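Listed below, chain by chain, are the residues.
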Amino acid sequence: MLRGIDVSAYQSSSYGTDGLSFVFIKATEGRSYVNPKLAAQTKHGRDAGLTVGFYHFLWPGNLTAQAEHFVAKAPERAGDILAVDWETTGDGTHASNAEKDAFLRKVKQLRPHHRVVLYCSRDYWLHRDRTSYAGDGLWIADYVTAGKPRIEAAWRFHQYTDEPHDTNVARFTTHADLRKWATPQGR
């Protein structure tokens, strides 16, 4: 399995990259927030040769506007991965299952040449999800042994700890395999 991290404005723009193959960077949230470190964190990941992904923290409502905001702000390069972060918002709400599905489909429509994945916790996957729709792949958060999330569904990425930062593994044998998957032919 490959190792990676995810970062947001809370982390440094010069995060450690040793031993990593990928990074997911928070790009946007809702309809207006943009990570102020997005450009610097992206450059740092690309300069280190990492596969780069971007995620949007989904709020309920205004899905088309949120999707358009996300793709307008997330850098666009062949092989970039896009993700929706589906969890409870700061005010205790969350997008519905239907809204999550609609957002994934809208982002895939707006960026048809990119893989689009769903990030959620094990609890959301097992207790809130009703469609098992994860776009091009599931990125599951379950803080257990790396690569052994407690779900039966196929997954692509597994966030297994947040100490000292969000750390992940990817279900690919080599970095070349990840890059090949992230750059689908004919898309």
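Presented here is an overview of the structure given in this document. (Residues numbered from 1 in each chain as written. Predicted model: local features only at pLDDT ≥ 70, side-chain atom pairs only at ≥ 80, totals over all residues. Heavy atoms only, no water.)

Secondary structure summary: the chain contains five helices and nine strands in total. Counting from the amino terminus, helix and strand elements in the chain follow one another as β-β-β-α-β-α-β-α-β-α-β-β-β-α. The C-alpha radius of gyration of the chain comes to 15 Å, within 12% of the 16 Å expected for a compact globule of 187 residues. The principal-axis extents of the C-alpha atoms in the chain amount to approximately 40 × 35 × 35 Å. Residues classed as buried in the chain amount to 52% of the 187 residues present. Element-wise, carbon and sulfur atoms account for 48% of the exposed surface of the chain, whose accessible area totals about 8,600 Å². Mean positive and mean negative side-chain charge positions of the chain (24 and 21 charges, respectively) differ by 5 Å. (Helix = DSSP H or I, 4+ residues; strand = E, 2+ residues; numbered from the N terminus. Rg over C-alpha atoms; globule rule 2.2 N^0.38 Å. Buried < 20%, exposed > 50% of the residue type's maximum accessible area, 1.4 Å probe, protein only. Areas by Shrake-Rupley, 256 points an atom, 1.4 Å probe, with all protein chains shown as cover. Lys, Arg positive; Asp, Glu negative; His and termini not counted. Charge placed at Lys NZ, Arg CZ, Asp CG, Glu CD.)

Moving on, we come to the layout of surface pockets. If you roll a probe as big as a water molecule over the atoms, it shows you where there is empty space left. A volume near 350 Å³ is recorded for the largest pocket. Along its surface, the largest pocket is lined by 18 residues, and Asp6, Ser8, Tyr55, Asp85 and Asp166 are the ones closest to its centre. Split into classes, the residues belonging to the lining of the largest pocket amount to seven nonpolar, four polar and seven charged. (1 Å grid on protein atoms, 1.4 Å probe; cavity = no way out; pocket = protein on both sides within 12 Å on 5 of 7 lines; lining within 4 Å. Points joined across faces, edges and corners; volume = space filled by probe spheres on them. Nonpolar A, V, L, I, M, F, W, Y, C, P; charged D, E, K, R; others polar.)

Our focus in this paragraph is the side chain of glutamine 66. Here glutamine 66 is to be found in helix H2 (residues 63–73). Among the polar contacts listed, one links the side chain of glutamine 66 to the backbone oxygen of glycine 61, at a separation of 2.6 Å. Leave out the neighbours within four places in its chain, and glutamine 66 touches Gly30, Arg31, His56, Phe57, Leu58, Trp59, Pro60, Gly61 and Phe103. (Polar contact = N/O pair within 3.5 Å; in protein donor to acceptor, adjacent residues only side chain to side chain. Contact = heavy atoms within 4.5 Å.)

Turning our eyes to something else, we now look at the nonpolar core. Phe54, Leu118 and Leu138 are the most contacted members of the largest nonpolar core, which has 38 residues in total. Looking at this core element by element, the count peaks at four residues for H2. Counting residues in each nonpolar core, the second largest holds 16 residues, with Val117, Tyr119, Ala141 and Phe172 among its members. (Core = buried A, V, L, I, M, F, W, Y, C linked by side-chain atoms within 4.5 Å.)

Moving on, we get to the packing of aromatic side chains. Following the criterion strictly, the structure yields 11 aromatic pairs and no others. With 6.0 Å between their ring centres and 75° between their planes, phenylalanine 22 and phenylalanine 24 make a pair best called edge-to-face. Exposure remark for phenylalanine 22: the relative accessible area of 2% places this residue in the buried category. Three or more aromatic residues joined by ring pairs form one cluster here, namely Phe22, Phe24, Tyr55, Tyr119, Trp139, Phe157, Phe172 and Trp181. The positively charged end of lysine 100 is found above the aromatic ring belonging to tryptophan 86, 5.2 Å away from the centroid. The positively charged end of arginine 128 is found above the aromatic ring belonging to tyrosine 124, 4.7 Å away from the centroid. (Phe/Tyr/Trp six-rings, centres within 6.5 Å; stacked < 30°, edge-to-face > 60°. Lys NZ or Arg CZ within 6 Å of the ring centre and 35° of its normal.)

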